[in-house]
Amino acid sequence: MYIGYNLKMDSKFLDYYDKGSQILSRNKKIIQDELDKFVLEDGSLDGSKMQETWFPQINADIFLSHSHADEKNAISLAGWIKETFNLDTFIDSCVWGYADELLKKIDKEFCWQPESSTYNYEKRNQSTSHVHMMLSSAISKLMDMTECVFILNTPNAIQSFEVINRTKSPWIYYEIGLTKLLEKKKPFRQPSIIKKGLFESSYDLSIKYDLDMKHLLELTKYDLENWDKRHLLVNSTQHPMDTLYILTEAVKPFEITR
């Protein structure tokens with residue numbers, strides 16, 4: 001990861017939803033095709049196979065974190081980015097949905113107690129903790145592999161109480177925290193000067209996490225539109241990610257190597 005952005009955007013790129021859906025569907029199919037291979041004959045989970053299968057086959061330039069309620073917005077944004085800059089966006093919700101499906105499969109086979117028509121509480125907790133731990137590890141690797149991280153900051157994901165930003169999503173909390181911990185790696189086309197510069201599941205249990213987002217660069221719909229305009233002007237000479245970094249003053253123009 002090189003830079004993280006706090007993307008504050010109310011309006012949507014809904015005209016690009018179909019394009020974004022194609023990206024989401026491709027990534028979902030990679031995950032879905034391998035689901036049945038994760039549960040071994042003895043009832044254990046092949047964690048290494050889960051991580052190897054879900055993520056190395058998905059190459060992305062941007063990691064997009066969003067609330068479940070903003071899924072359509074996120075998919076449309078990914079479509080616009082692909083159409084405009086030919087950049088690939090990984091939408092984190094394509095993983096969590098199949099994580100839930102995997103848990104249902106495991107719980108049905110190994111945690112259900114027919115005699116009482118209930119799930120075994122201890123086994124259910126164990127399956128959930130193992131799957132979520134493996135997901136956390138895999139997400140860390142994917143965020144580390146992508147060049148840029150966008151946190152889609154809307155009232156659905158981030159809530160403001162006085163001057164403290166909070167979220168009800170443990171995944172958003174976890175992913176924003178990772179942007180501080182992951183090593184900032186400059187792209188091969190960037191020089192050594194780097195300005196230090198972001199995630200989702202729905203919970204019925206209302207737990208809020210304090211968020212520190214000061215290290216993330218702010219990005220708006222206006223900035224995205226300017227990114228498009230600047231990219232058209234320098235299309236043949238500059239990588240679109242470099243254009244965004246210069247626009248948001250993450251780096252200076254003279255710091256970009258051609």
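Scroll up to find the structure this text is about.
Residues numbered from 1 in each chain as written. Predicted model: local features only at pLDDT ≥ 70, side-chain atom pairs only at ≥ 80, totals over all residues. Heavy atoms only, no water.

> Help me understand the sheet that holds strand β2 (residues 62-65), please; the structure alone is not making it clear to me.
Pairing between the strands of a sheet comes from backbone hydrogen bonds, and it takes one of two forms, parallel or antiparallel. If you walk across this open sheet you meet the five strands as β3-β2-β6-β1-β10, and the pairing is parallel. For this open sheet the edge positions go to β3 (89-91) and β10 (217-220), each flanked by a neighbour on one side alone. When the angles between neighbouring strand axes are averaged without regard to direction, this sheet yields 30°. Sheet topology places β2 next to strand β6 (residues 148-153); four bridges connect them, and they run parallel. When the bridges of β6 are listed, Leu64 appears paired with Phe150. Sheet contacts for helix α3 (residues 71-85): β1 (3-8), β2, β3 and β6; angle to β3, the most-contacted strand, approximately 170°. Sheet contacts for helix α5 (residues 121-145): β2, β3 and β6; angle to β2, the most-contacted strand, approximately 130°. (Pairing = 2+ DSSP bridges. Helix = DSSP H or I, 4+ residues; strand = E, 2+ residues; numbered from the N terminus. Axes fitted to C-alpha atoms, helices over the stretch in contact; angles between N-to-C directions. Contact = heavy atoms within 4.5 Å.)

> How should the packing of aromatic side chains be read in this particular structure?
Two measures describe an aromatic ring pair: the distance that separates the ring centres and the angle between the ring planes. Counting across every chain of the model gives eight aromatic pairs. Here the aromatic rings of Phe85 and Trp227 are separated by 3.8 Å at their centres, their planes lie at 15°, and the arrangement is stacked. Residue classification places Phe85 among the buried residues on the basis of a relative accessible area of 6%. Relative accessible area serves as the criterion here: at 0%, Trp227 is assigned to the buried category. (Phe/Tyr/Trp six-rings, centres within 6.5 Å; stacked < 30°, edge-to-face > 60°. Buried < 20%, exposed > 50% of the residue type's maximum accessible area, 1.4 Å probe, protein only.)

> What should I look at first to understand the nonpolar core in this one?
Buried together is how nonpolar side chains tend to be arranged in soluble globular proteins. Core analysis: the largest hydrophobic core is formed by 30 residues, its most contacted members being Tyr5, Leu77, Phe150, Leu224 and Trp227. Elements supplying a minimum of two residues to this core: β1, β2, α3, β6, β10, α7 (221-233) and α8 (240-247). The element contributing the most residues to this core is α3, with seven residues. Those residues within four positions of Leu77 in sequence are excluded, and the remaining contacts are Leu7, Met9, Phe13, Leu64 and Leu224. One finds Ala60, Ile139, Leu142 and Leu178 within the second-largest nonpolar core, a separate group that totals eleven residues. (Core = buried A, V, L, I, M, F, W, Y, C linked by side-chain atoms within 4.5 Å.)

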